[in-house]
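# Notes for the structure review
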Amino acid sequence: MELRQLEYFVAVAEEQNFTRAAERVHISQSGVSAQIRQLERELGAELFDRSARAVTLTVAGKAALEHARATLAAAGAVGQAVGEVTALIRGHLTVGMVIGCTLTPLFDALAVFHQAHPGVEISLLEDSSDRLVEGVRTGAVDLALIGAAAATPEGLDALTIISERLVVAVPAGHPLAKQRRVTLRDLVVYPIVCMPTGTGLRSVFDQACVAQNLQPAIALQASAADAIADLAARGLAVAILSDSMAARYRDRLTARTIEDVDTPALLALIWKSAHSPGMRELLLHSRQAFANPDPRLPSEPTGPSPGIRATDP
């Protein structure tokens, strides 16, 4: 049994797909399949059920998964321990980012960290906030930028970057633009364009509608704020955005705070453990980047921090 076989096994288990797992570990799909088959022969049991479209773990696979992760973590700790003694941090960190989000301080932190610690390999992946939270809980993701409703996930450490209320954004001639106060009941009579399920902003909106027993017509969904604004500007639907997001489009959209939605949409960094030297350093650079964004970067018209572009609070 080899460490690379365990790495491939964990990758397939987390991706639920041999092709995506092969891309993740940077070898061919046939190579991953061959190594998994060899591992199964050594263990005397099939680890995956390959009969359905999504590859799922068998009972034996589920039993092996946590042990495989622990073995890989232990192997990585050996290199980290030696690295600390020699003042060289090594290893691998997986950073998650919610789909459709462009937050330049995060990229600044990764760039500075990479320059300071070239021995650490960084993987960046995009996914829904819900899946990223689960990834952090299982250890598949080390640090993630997620959207949440009202509060950050329990049991995880977090750094809140943005906390804002929801607004509805419409073209100047729209009836809602003429109202000084807008409630959920006012806007749900119109088709709506918003972020997809699994984002923090959408969670806030859905929870507010459920609380008032309202059933909005989600006509369109987009993971990027630019797309949502463009669709709303063309009169296809009313847009649900956060305050600073809507401020970017005030040249063509009028924003109104949704008066009866008090729950804020959050954008936060989350992590489970900062025991490794790599994670400690990455967190340090992340905190510095969000506290002091690069002054060379253009700031948004409004928002909680210069240089931050929020597309999924």
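Up top is the structure these notes are about.
Note on numbering: residues in each chain are counted from 1, in written sequence order. Thresholds applied to this predicted model are a pLDDT of at least 70 for local features of residues and 80 or more for the giving and counting of side-chain atom pairs; totals over whole chains, interfaces and linings are not thresholded and use all residues. Derived side-chain values reflect all non-hydrogen atoms in the structure, with water molecules and hydrogen atoms excluded from consideration.

## Digging into the overall build of the protein
Check the secondary structure of the protein and you find 11 helices and 12 strands. Note on classification: 1.4 Å probe, protein chains only; a residue is buried when its accessible area is under 20% of the maximum for its type, exposed when over 50%, partly exposed between these limits. Taking all 313 residues of the protein together, the buried fraction comes to 45%. Contacts are assigned to residue pairs that have any heavy atoms within 4.5 Å of one another. Intrachain contacts of the protein at a sequence separation of at least 6 include 74% that bridge at least 24 residues. Note on areas: Shrake-Rupley with a 1.4 Å probe; residue coverage comes only from the protein chains shown. For the protein, the computed accessible surface area is about 15100 Å², with 51% contributed by carbon and sulfur atoms. Secondary structure counts use DSSP, requiring at least four H or I residues in a row for a helix and at least two E residues in a row for a strand, with both numbered from the N terminus.

## Section: helix 6 (residues 129-138)
Note: α-helices contain 3.6 residues per turn, so residues at a spacing of three or four share the same orientation. Ser-129, Leu-132, Val-133, Gly-135 and Val-136 are the residues of helix 6 that are buried. For helix 6, the angular spread of buried residues about the axis comes to 160°, placing them on one side. Close packing links the buried residues of helix 6 with strand 3 (91-98), strand 4 (120-127), strand 5 (143-149), helix 8 (200-211) and strand 12 (265-271). Looking one or two places after helix 6, you find Gly-139, whose phi comes out positive at around 95°. Along the arc lie the directions from the helix axis toward the C-beta atoms.

## Points about the sheet that holds strand 5
Should DSSP find at least two bridges between two strands, the strands are taken to pair. The strand order across the open sheet built from five strands is 4-3-5-12-6, with neighbouring strands paired in mixed fashion. One side of each edge strand has no neighbouring strand; the edge strands of this open sheet are strand 4 and strand 6 (157-164). Mean inter-strand twist for the sheet, computed between neighbouring axes without regard to direction, equals 25°. Bridge count between strand 6 and strand 12: seven bridges; the pairing is antiparallel. Bridge pairing in strand 12 links Glu-164 to Ala-265. Lying on the sheet, helix 5 (residues 104-116) is in contact with strand 3, strand 4, strand 5 and strand 12; it crosses strand 4 at an angle near 160°. Note on geometry: axes are lines fitted to C-alpha atoms, helical ones only across the stretch in contact, with angles between N-to-C directions running from 0 to 180 degrees.

## Side note on unusual backbone geometry
Glycine aside, residues mostly have negative phi, and peptide bonds are mostly found in the trans state. Backbone geometry places His-26, a non-glycine residue, at a positive phi of 65°. Tracing the sequence through the fold places His-26 in the loop between helix 2 (18-25) and helix 3 (29-43). A residue is classified by how much of its surface remains accessible, and His-26, at 63% relative accessible area, is exposed. Unlike most non-glycine residues, Asn-213 shows phi in positive territory, near 55°. When you line up the elements, Asn-213 lands in the loop between helix 8 and strand 9 (218-221).

## Structural notes on the pairing of strand 9
Pairing between strand 8 (residues 192-194) and strand 9: three bridges, direction parallel. Along strand 9, the bridge assignment pairs Val-193 with Leu-220. Considered for its hand, the β-α-β crossover made up of strand 8, helix 8 and strand 9 is right-handed. A crossover gets the label right-handed when its path from the first strand over the helix to the second runs clockwise, viewed with the strands pointing away from the viewer.

## Describing helix 11 (residues 277-291)
When the terminal C-alpha atoms of helix 11 are compared, their 21 Å separation across 15 residues agrees well with the 21 Å that a helix rising 1.5 Å per residue should span. Within the span of helix 11, buried status applies to Pro-277, Gly-278, Met-279, Leu-282, Leu-283, His-285, Ser-286, Ala-289 and Phe-290. Between the first and last residue of a helix there are one fewer steps than residues, each counted as 1.5 Å, and that sum is the expected span.

## Concerning the pattern of salt bridges
Just to be clear on terms, a salt bridge is a Lys or Arg side-chain nitrogen sitting within 4 Å of an Asp or Glu carboxyl oxygen. Within the structure shown, the criterion is met by 13 salt bridges. Between Arg-20 and Glu-15 there is a salt bridge, and its shortest N-O distance comes to 3.6 Å. On the basis of relative accessibility, which here comes to 41%, the residue Arg-20 falls in the partly exposed class. Salt-bridge contacts for Arg-37 lead to Glu-40; the nearest nitrogen and oxygen are separated by 3.4 Å. In this pair, Arg-37 and Glu-40 are both assigned in helix 3, three residues apart and thus about one turn of the helix distant. In the salt-bridge network here, residues are joined through shared partners; they are Glu-14, Glu-15, Arg-20, Arg-24, Glu-66 and Arg-69.

## A closer look at the environment of Thr-94
Looking at the secondary structure, you find Thr-94 in strand 3. Its relative accessible area of 10% is what places Thr-94 among the buried residues. Along the backbone, Thr-94 and Gly-135 are 41 residues apart, and their C-alpha atoms lie at a distance of 9.8 Å. What Thr-94 contacts, discounting residues up to four positions off in sequence, is Ser-123, Leu-125, Ala-140, Val-141, Asp-142 and Leu-143.

## Topic: the packing of helix 2 against helix 3
It is the contact of helix 2 with helix 3, at a shortest axis distance of 8 Å, that shows an interaxial angle of 100°. For the element pair helix 2 / helix 3, the angle class is roughly perpendicular. Residues Phe-18, Thr-19, Ala-22 and Val-25 of helix 2 pack against Gln-29, Val-32, Ser-33 and Ile-36 of helix 3. The residue classification treats Ala, Val, Leu, Ile, Met, Phe, Trp, Tyr, Cys and Pro as nonpolar and Asp, Glu, Lys and Arg as charged. All others, Gly included, are polar. Grouping the constituent residues of the contact of helix 2 with helix 3 by class yields five nonpolar, three polar and no charged. Here the angle decides the label: under 35 degrees means roughly parallel, over 145 means roughly antiparallel, 65 to 115 means roughly perpendicular, and every other value means oblique.

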